[in-house]
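Given next are the chains, with one letter for each unit.
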Amino acid sequence: MRNSRSAGDPGSCNDVGMMTADDVRAELDALLARRTAETRLTTMGAGSDDLDDGRAYLAATVEGGWHVPHWPSVHGGRDADPNEAGEIATALRDYLVPDLYPFAIGLGMVGPALLAHGTDEQKSQWLRPIAAGSEIWCQMFSEPEAGSDLANVGLRAVRDGDEWVLTGQKTWTSRAMWADWGICLARTDPEQPKHKGLTMFCVLMDQPGVDVRPLGQMNGDTHFSEVFVSEARIGDAWRVGDVGEGWRVAMTVLAHERAGGGSRGGGDGGSKKARTPNWIADLRPTGALDRPVDRNAIVGVHVLDMIGRWTAQRAADAARGGTPSPAGSGAKLRTVASYKGRAFTTNRAVGADGMLSDGHGYIETITAPSMSIRGGTDEIQRNILGERVLGLPGEPRLDRDVAWNESRRGLV
Ligand SMILES: Cc1cc2nc3c(=O)[nH]c(=O)nc-3n(C[C@H](O)[C@H](O)[C@H](O)COP(=O)(O)OP(=O)(O)OC[C@H]3O[C@@H](n4cnc5c(N)ncnc54)[C@H](O)[C@@H]3O)c2cc1C
């Protein structure tokens, strides 16, 4: 990491419109080191859970608004339009951007949801610490009885004057053990049908009544947790959106997650000017690029990868427009396919070394199956596309118009 710009630098905001791609790179050169052919990015969980690189990168880039250029400059962005933001994202792939996994929910999901649904006070309180990497967020949606059927969330929030009292259990809460804040979907009115009685809150993770218990994963990580919430009190100022509008806010969060907002964000793709994308260049020492069968498979995955990126970009632009659309489901299926393709192609290329826990591509290979589950399973994305894009008949949803507490009693 190089020197960071000062907070008062007048050139730090609103000027990318006049900047060429070379200007952008000149600015980034002052902040970040470039990738070289020898650079291999570290991956969280592969030997280290060190948060420092990510924090240092975000602290260095926040003054210029480089990492979230489309956010307002006052909140850690630089008011960039989609073209400018795309240009910057492309340029960043040439630099040593660390694995931002711990920060991804704040940067890619909570931040955009707050921009769409938060009050001015909430934006001022939370967005800049997210952009600066000083506060980490987690997503408290799933519960033992609410995964694919997310609207079945049962964690209760009961109003008590200006406060809410939260009680219940979340599970699979990624990054919870690092998180300062959680965005938490809770049931405020059990008498309403399941989608209607939900409200979104922000929860301080180290407050009394919030107990985070990490779970082991098959890739060796302990990156997600069960979170037990027992009469945790939060002020009404930490409610996002209106009471009963939690599903709408949740859909915004999920639209951004499916468009890639929850992904790791490292500079691993290679710029469009680079002749060989970085992940393929990393395979050169294995000899795979000279073996016709491997080479064919690699190019196939590269094509999938590029289509996945463009689809995700299109879905992210649509989600930024404020109306969650099924585009996120198509994007998620494609990015899962390209992630798996890259992982499995890399694994095949490196051979037996890929079975070693510190082997090239090991962590990606053993993480790959989870990509089809997190953020909504492949089956659920296909259901959404079938119903909302192809117009196929919907699934029977017998409990849609029934009070949530009645449906829990087994009436449907
Ligand atoms: C690595 C990882 C990280 C995660 N991080 C988070 C997080 O940070 N925050 C959070 O809130 N959640 C998180 N999750 C949870 C994730 O969103 C859920 O696991 C997912 O939505 C599936 O829910 P479930 O596990 O309850 O499975 P279930 O909903 O019980 O599904 C089981 C199986 O049934 C299938 N199925 C269910 N319903 C249907 C249907 N209607 N049609 C067709 N098939 C169906 C599913 O596709 C799946 O194969 C994470 C999960 C993983 C694996």
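What you are looking at is a predicted structure, and each value in this text was computed from that prediction instead of being measured.

Turning our attention to the packing of aromatic side chains. Tallying each qualifying case throughout the model produces seven aromatic pairs. On the numbers, 5.3 Å between centres and 70° between planes, the contact of tryptophan 126 with tryptophan 181 is edge-to-face. Residue tryptophan 126 is located in helix α5 (residues 120-132), and its partner tryptophan 181 is located in strand β4 (residues 181-187); the two are separated by 55 residues in the primary sequence. Of the two residues, tryptophan 126 and tryptophan 181, neither departs from the other in class, the shared state being buried. With a centroid separation of 5.8 Å and 20° between ring planes, the pair formed by tryptophan 137 and tryptophan 181 is classed as stacked. Pair noted here: tryptophan 137 is in strand β1 (residues 137-140) and tryptophan 181 is in strand β4, with a separation of 44 residues, a long-range link. For tryptophan 181, a relative accessible area of 5% corresponds to the buried category. Ring pairs connect the aromatic residues Trp126, Trp137, Trp181 and Trp238, which therefore count as one cluster. Sitting over the ring of tryptophan 66, arginine 78 keeps its end group 4.0 Å from the ring centre. In this structure, arginine 175 is placed above the aromatic ring of tyrosine 101, and the distance from its NZ or CZ to the ring centre is 3.8 Å.

Turning our eyes to something else, we now look at the nonpolar core. In terms of nonpolar packing, the biggest core is built from 67 residues, with Leu28, Trp137, Phe141, Leu166, Leu185, Met200 and Met205 touching the most fellow members. Among the elements that take part in this core, helix α4 (residues 104-117) stands out by supplying six residues, more than any other. Each residue touching methionine 200, except ones within four places of it in the same chain, is listed here: Phe141, Ile183, Cys184, Leu185, Trp238, Arg239, Val240, Gly246, Val249 and Ala250. With eight residues, the next largest nonpolar core counts Trp279, Ile280, Ala288 and Ala349 among its residues.

Moving on, we get to the environment of glycine 111. Assignment of secondary structure puts glycine 111 in helix α4. Excluding residues that lie within four positions of it along the chain, glycine 111 makes contacts with Trp71, Ile105, Gly106, Leu127 and Ile130.

Quick look at the packing of α4 against α5 now. For the pair α4 and α5, interaxial distance at closest approach is 10 Å and the crossing angle is 160°. Our classification of the angle between α4 and α5 gives roughly antiparallel. As for how α4 packs across α5, the hand of that crossing is left-handed. Only Lys123, Trp126, Leu127, Ile130 and Ala131 of α5 make contact with α4, whose side of the interface consists of Gly106, Leu107, Val110, Gly111, Leu114 and Leu115.

A few words now on the site of the ligand. Around the ligand, a shell composed of 18 residues is seen, among which Ser142, Ser148, Trp172, Ser174 and Thr377 lie nearest. Between the ligand and serine 174, the relevant distance is 2.7 Å, taken from a nitrogen atom to a side-chain nitrogen or oxygen of the residue. One of the side-chain N or O atoms of asparagine 383 is found 3.0 Å from a nitrogen atom in the ligand. Considered on its own, the ligand offers 970 Å² of accessible surface; in the complex 69% of this is hidden by protein. Grouping the constituent residues of the shell around the ligand by class yields five nonpolar, ten polar and three charged. Both of domain 2 (138-249) and domain 3 (250-389) provide at least three residues apiece to the shell around the ligand.

Moving on, we get to the pattern of salt bridges. Applying the stated criterion across every chain, the model contains 17 salt bridges. We note a salt bridge from aspartate 94 to arginine 25, for which the minimum N-O separation is 3.0 Å. Within this pair, whereas aspartate 94 is found in the loop between α3 (82-92) and α4, its partner arginine 25 is found in helix α1 (residues 21-29), the two being separated by 69 residues in sequence. In this pair, the class of aspartate 94 matches that of arginine 25, namely buried. Here lysine 170 makes a salt bridge to glutamate 143, at a shortest N to O gap of 2.8 Å. With lysine 170 in strand β3 (residues 163-174) and glutamate 143 in the loop between β1 and β2 (156-160), this pair connects stretches of sequence that are 27 residues apart. Classification of lysine 170 by relative accessible area gives buried; the value is 0%. Via salt bridges that share partners, Asp149, Lys194 and Asp399 belong to a single interconnected network.

The rules behind the values
- Residues numbered from 1 in each chain as written.
- Predicted model: local features only at pLDDT ≥ 70, side-chain atom pairs only at ≥ 80, totals over all residues.
- Heavy atoms only, no water.
- Phe/Tyr/Trp six-rings, centres within 6.5 Å; stacked < 30°, edge-to-face > 60°.
- Helix = DSSP H or I, 4+ residues; strand = E, 2+ residues; numbered from the N terminus.
- Buried < 20%, exposed > 50% of the residue type's maximum accessible area, 1.4 Å probe, protein only.
- Lys NZ or Arg CZ within 6 Å of the ring centre and 35° of its normal.
- Core = buried A, V, L, I, M, F, W, Y, C linked by side-chain atoms within 4.5 Å.
- Contact = heavy atoms within 4.5 Å.
- Axes fitted to C-alpha atoms, helices over the stretch in contact; angles between N-to-C directions.
- Parallel < 35°, antiparallel > 145°, perpendicular 65-115°, else oblique.
- Left-handed = near helix turned anticlockwise from the far one by under 90°.
- Near = heavy atom within 4 Å.
- Polar contact = N/O pair within 3.5 Å; in protein donor to acceptor, adjacent residues only side chain to side chain.
- Areas by Shrake-Rupley, 256 points an atom, 1.4 Å probe, with all protein chains shown as cover.
- Nonpolar A, V, L, I, M, F, W, Y, C, P; charged D, E, K, R; others polar.
- Domains from an automatic or database assignment.
- Salt bridge = Lys/Arg side-chain N within 4 Å of Asp/Glu carboxyl O.

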